[in-house]
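# Tertiary structure, described
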Amino acid sequence: MAYSEKVIEHAENPRNVGTLDKDDPNVGTGLVGAPACGDVMRLQIKVNDDGVIEDAKFKTFGCGSAIASSSLATEWIKGKSVEDAEKIKNVDIVNELNLPPVKIHCSVLAEDAIKSAIADFRKKREARKAAK
Amino acid sequence: MSVKLPIFMDNHSTTPVDPRVLEEMLPFFGDKFGNAASRSHSFGWVAEEAVEYGRERIAKLIGAQSEKEIVFTSGATESDNLALKGVAEFYKDKGNHIVTCVTEHKAILDTCKRLEKDGFQVTYLGVDKTGRVDPDDVKRAITDKTILVSIMLANNEIGTVHPIEEIGKITREKGVLFHTDAVQGVGKVDFDVQKMNVDLASISAHKMYGPKGVGALFVRRSKPRVRLVAQMDGGGHERGMRSGTLNVPGIVGFGKACEILLREGKEESAKLVVLRERLRKRIMDKLEEVYINGSIEHRLPGNLNLSFNFVEGEGMMMAIKDVAVSSGSACTSASLEPSYVLRALGVGDELAHSSIRFGLGRFNTPEEVDYVADLVIQKVGQLRDMSPLWEMHKEGIDLKSVQWAAH
């Protein structure tokens, strides 16, 4: 199957590859997928005191579409409030990258990764509040 | 040294037509357009003569005793279907049991599934961790209801060559017919239907530098004389076994391709082993966590199937997109299941997703091999740098201990 230009562009020049300190209280980490299924995404967000995602990083084990979906996801959520980032839907990713039906699960995984990172960040914040 | 891109290193999927093959075919697209079945004029005679010459050359390559044992088809899928269904239908009063193996091509496995629906019983033998069938398993699987054993000569994914001669001894002794899908191995590894007691063999022109759309089924005519029921009705061509006007230019090319392999095959295989080992060593010397799938000893000369741990196969193919290879990753198939062949070897799903098949062929050069090896080394490094699994592995986390959310 031929890849869309946007998928190739992201896969060849992935944005925001890297690792944030998972022990930083302002960092939320989402790890979704499974090696046996052929794709694993780790997406991390760093949220400032105004609730804005000031940095986002990812690492992905997967096909080009999975890499492109996570790269695009980090690009989109950077600078957004946590609430706005949460509104990103997998169909937005599908449309932006022109993913074929067989690759839709990559976009679902990226949406899950965002949600999972946000959930982790909130859990940490709640734990911190409770500790105070 | 510069190389021309893209590089084709997927010679198990198909092969380019050798220029010498093309040259012999061309007149049959021009003046020599006759139908080989036309008995009443020179156009037909010219075509028939060319077809018979092709038949002789093919028979010679596989060690058939007579060119009459060659039945032309549209390709190996049709040959496999004709062999299994044709034999099953003809011998159904004698027995209803077929023995094959789990790593066969889908043309065999799906044909067997169809036969099971029609009331036949099929035993699917397992393979060892290098992908080989144990001849003793074949022996044990044969019952008094067994009419046919079908085991491929060499596997298309992992290149493992099966012990055909040993299996042939057993089937001959037991009086059971023996079919082999010889597509990947003919002209590349030792193969002789006489010496190996093979009764039916499928071959395909486009896997041996001939054209697409033409294949053959070897059907033994004596000791034993194999009978089969045609699976297509029509003009009764090919001695009633396969109706349909013959693909004359294709057969001419097929014959030439066989003639070249008969002369040059041994030398070519030796060259390919050198190239393959050059590729393997260069990659494995530089990269850790790379695993070879299949047998080292019993292997197609041009086949190298490697799993690059922590890197997904399709992501890898995209990263080296100027090099045509293939992968056992789920992402390359419509089913989203990783390769059933690698699974049968006991390769874990993770490593199956990380597999790349390099298929070297006649026209690959040492310069191409070095270019590909260096590109693979560079890209695997980059992809591992962006792989969360590699990072976890480097931190000493046992990935098997992680609770993954399967999706």
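Basis of the calculations
- Residues numbered from 1 in each chain as written.
- Chains lettered and ligands numbered in written order.
- Predicted model: local features only at pLDDT ≥ 70, side-chain atom pairs only at ≥ 80, totals over all residues.
- Core = buried A, V, L, I, M, F, W, Y, C linked by C-beta atoms within 7 Å.
- Buried ≥ 20, exposed ≤ 12 C-beta atoms within 10 Å, placed from the backbone.
- Helix = DSSP H or I, 4+ residues; strand = E, 2+ residues; numbered from the N terminus.
- Contact = placed C-beta atoms within 7 Å.
- Pairing = 2+ DSSP bridges.
- Axes fitted to C-alpha atoms, helices over the stretch in contact; angles between N-to-C directions.
- Parallel < 35°, antiparallel > 145°, perpendicular 65-115°, else oblique.
- Left-handed = near helix turned anticlockwise from the far one by under 90°.
- Nonpolar A, V, L, I, M, F, W, Y, C, P; charged D, E, K, R; others polar.
- pLDDT = per-residue confidence, 0-100.

### Brief notes about the nonpolar core
Core analysis: the biggest nonpolar cluster contains 87 residues, and Ile62, Ile98, Phe218, Val248 and Ala257 of chain B have the highest contact counts within it. Ranked by the residues each element gives to this core, the list is headed by helix α7 (residues 248–286) of chain B, at 8 residues. Those residues in contact with Phe218 of chain B that lie beyond four places of it in its chain are Ile62, Ala64, Glu69, Ile70, Val193, Leu200 and Ala201 of chain B. Listed in part, the 68 residues of the second largest apolar core include Leu31 and Ile118 of chain A together with Leu360 and Ala373 of chain B.

### Some remarks on unusual backbone geometry
With an omega of -5°, the peptide bond between Leu5 of chain B and Pro6 of chain B qualifies as cis. Mapped onto the elements, Pro6 of chain B comes out in the segment before β1 (7–8). Pro224 of chain B follows Lys223 of chain B through a cis peptide bond whose omega is -5°. The topology assignment puts Pro224 of chain B in the loop between β8 (215–219) and α7. A positive phi angle, close to 60°, is found at Asn16 of chain A, a residue other than glycine. Relative to the helices and strands, Asn16 of chain A is located in the loop between α1 (5–12) and β1 (27–34). You can call Asn16 of chain A partly exposed: it has 19 C-beta atoms within 10 Å. Located in the positive-phi region is Asn197 of chain B, a residue other than glycine, with phi close to 55°. When you line up the elements, Asn197 of chain B lands in the loop between β6 (177–181) and β7 (200–204).

### Focus: the interface of chain B and chain A
Accessible area lost when the parts come together is the quantity often used to give the size of an interface. Taken together, the contacts link 23 residues of chain B with 26 residues of chain A. For the side of chain B that touches chain A, the secondary structure elements donating two or more residues are α8 (313–319), α10 (349–353) and α12 (388–394) of chain B.

### A short note on the pairing of β6 of chain B
Residues and elements named next belong to chain B. Extensive coverage of β6 is indicated by the burial of 5 of its 5 residues. Residues Leu177, His179 and Asp181 of β6 are buried on one face, and the alternating residues Phe178 and Thr180, pointing to the opposite face, are buried as well. One ladder, built from 3 bridges, connects strand β5 (residues 146–150) with β6; its direction is parallel. Residue pairing across strands places Val149 opposite Phe178, the latter belonging to β6.

### Looking at the environment of Pro25 of chain A
Residue and element names in this part refer to chain A. In this structure, Pro25 sits in the loop between α1 and β1. Among the residues examined, Pro25 registers 12 C-beta atoms within 10 Å and is labelled exposed. Taking the C-alpha atoms as reference points, Pro25 and Glu54, 29 residues apart in sequence, are found 14 Å from one another. Apart from residues lying up to four places away in sequence, Pro25 is in contact with Lys124 and Arg128.

### As for the packing of helix α2 (residues 64–77) of chain A against helix α4 (residues 90–97) of chain A
All names here are of chain A. Two numbers describe how α2 lies on α4: the axes approach to 10 Å, and their chain directions differ by 110°. The angle between α2 and α4 falls in the class roughly perpendicular. Here α2 runs over α4; the crossing is right-handed. Here Ala68, Ser69, Leu72 and Ala73 of α2 come into contact with α4, specifically with Ile93, Glu96 and Leu97. When the residues that make up the contact of α2 with α4 are grouped by side-chain class, the tally is 5 nonpolar, 1 polar and 1 charged.

### Some words on the confidence of the model for chain B
Looking at chain B as a whole, its pLDDT mean stands at 96, while 98% of the residues score no less than 70. Across the interfaces of the predicted complex, the ipTM metric reaches 0.95, alongside a pTM of 0.94.

### What to know about the sheet that holds β1 of chain A
All names here are of chain A. Strand order in this open sheet of 3 strands is β1-β2-β3, and the pairing throughout is antiparallel. Unpaired on one side and paired on the other, β1 and β3 (53–61) mark the two borders of the sheet. Here the strands of the sheet are splayed against their neighbours by 10° on average, with no regard to which way each runs. In this structure, β1 lies alongside strand β2 (residues 39–47), joined through 8 bridges in antiparallel fashion. Along β2, the bridge assignment pairs Gly33 with Val40.

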